[in-house]
Amino acid sequence: MKSERRISPRKDINFIPVKNLAILDPFTMISKKAEIIDASTTGFLLYVHRKNLMPRGLRANLTLKSLEGERVMLKIENMELDLDGFISRTKFIGDGIFEIAIDFSSDAPEYWRECLVDLLPGSDEEI
């Protein structure tokens, strides 16, 4: 699946904890936890630490390219919110940390996505 290139305003946020990042079909847990580091109305950018990757094969690689295009779900526990979308890109950034971009814009109306980004705590707010 090829991702679209879109530019959306980004919200300056603190690291927001995420739990249970999983592929939906077939259901496979990718990571126990991750952190949202960037958010926009089209999706999230997550940091995932290698130690939190569940499949042994993923922990042994320096790439998560095999996950791109997969439909995934995640839980923002502090907001009691489950979201799903597609992994649009991945990147190993060093020190055992991967970036995973998740696009959820095709599944949710624009007004809902704008409200979600507004509700996320900003960098000057507590989680």
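The following refers to the structure shown. Think of each chain on its own: its residues are numbered from 1, step by step along the sequence as written. Restriction of local features to residues with pLDDT of at least 70 applies here, the model being predicted, together with a cutoff of 80 or more for giving and counting side-chain atom pairs; totals for whole chains, interfaces and linings are based on all residues. Calculation of side-chain values draws on the structure's entire complement of heavy atoms; hydrogens and water are dropped beforehand.

A few words now on a positive patch on the surface. Residues K32, K33, K51, R56 and R59 make up a contiguous surface patch of positive charge. Helix and strand assignments follow DSSP, with helices taken as H or I runs no shorter than four residues and strands as E runs no shorter than two, numbered in order from the N terminus. Secondary-structure assignment places K51 in the loop between β3 (43-49) and α1 (56-59). Three exposure classes are used, based on accessible area relative to the maximum for each residue type with a 1.4 Å probe and protein chains only: buried under 20%, partly exposed in between, and exposed over 50%. Accessibility expressed as a relative area gives 64% for K51, which makes it exposed. Two joining distances apply to patches: 9 Å for like charges and 5 Å for nonpolar side chains (Val, Leu, Ile, Met, Phe, Trp, Tyr), and every residue must have over 30% relative accessible area and no salt bridge. A 1.4 Å probe and the Shrake-Rupley method give the accessible areas. Residues count as covered only by the protein chains that appear here. In what follows, salt bridge is the name for a side-chain nitrogen of Lys or Arg lying within 4 Å of a carboxyl oxygen of Asp or Glu. For the charge count, each Lys or Arg is scored as positive and each Asp or Glu as negative, with His and the chain ends excluded. Every charge is mapped onto a representative atom, which is NZ of Lys, CZ of Arg, CG of Asp or CD of Glu.

The next thing to look at is the side chain of T90. Secondary-structure assignment places T90 in strand β5 (residues 81-94). For T90, a relative accessible area of 14% puts it in the buried group. Here, two residues are considered to be in contact whenever any of their heavy atoms come within 4.5 Å of each other. If sequence neighbours within four positions are ignored, T90 has contacts with L64, K65, E68, E99 and I100.

With respect to the helices and strands, R113 occurs in helix α2 (residues 110-119). For R113, which is buried and forms no salt bridge, the nearest opposite charge comes from E110, at a distance of 4.6 Å. Each residue touching R113, except ones within four places of it in the same chain, is listed here: T41, T42, F104, S105 and A108.

Let us look at the environment of N61. By secondary structure assignment, the location of N61 is in the loop between α1 and β4 (71-76). Looking at N61, the relative accessible area reads 35%, which means it is partly exposed. Spatially, the C-alpha atoms of N61 and F92 are 9.6 Å apart, while their sequence positions differ by 31 residues. Apart from residues lying up to four places away in sequence, N61 is in contact with R50 and F98.

With that settled, consider α2. Along α2, the residues classified as buried are R113, L116 and V117. The arc that holds every buried residue of α2, seen down its axis, measures 95°, which confines them to one face. Facing away from the buried side of α2 by over 90 degrees, the exposed positions are Y111, D118 and L119. Where α2 is buried, its residues contact β3 and β5. Note: the arc covers the axis-to-C-beta directions of the helix.

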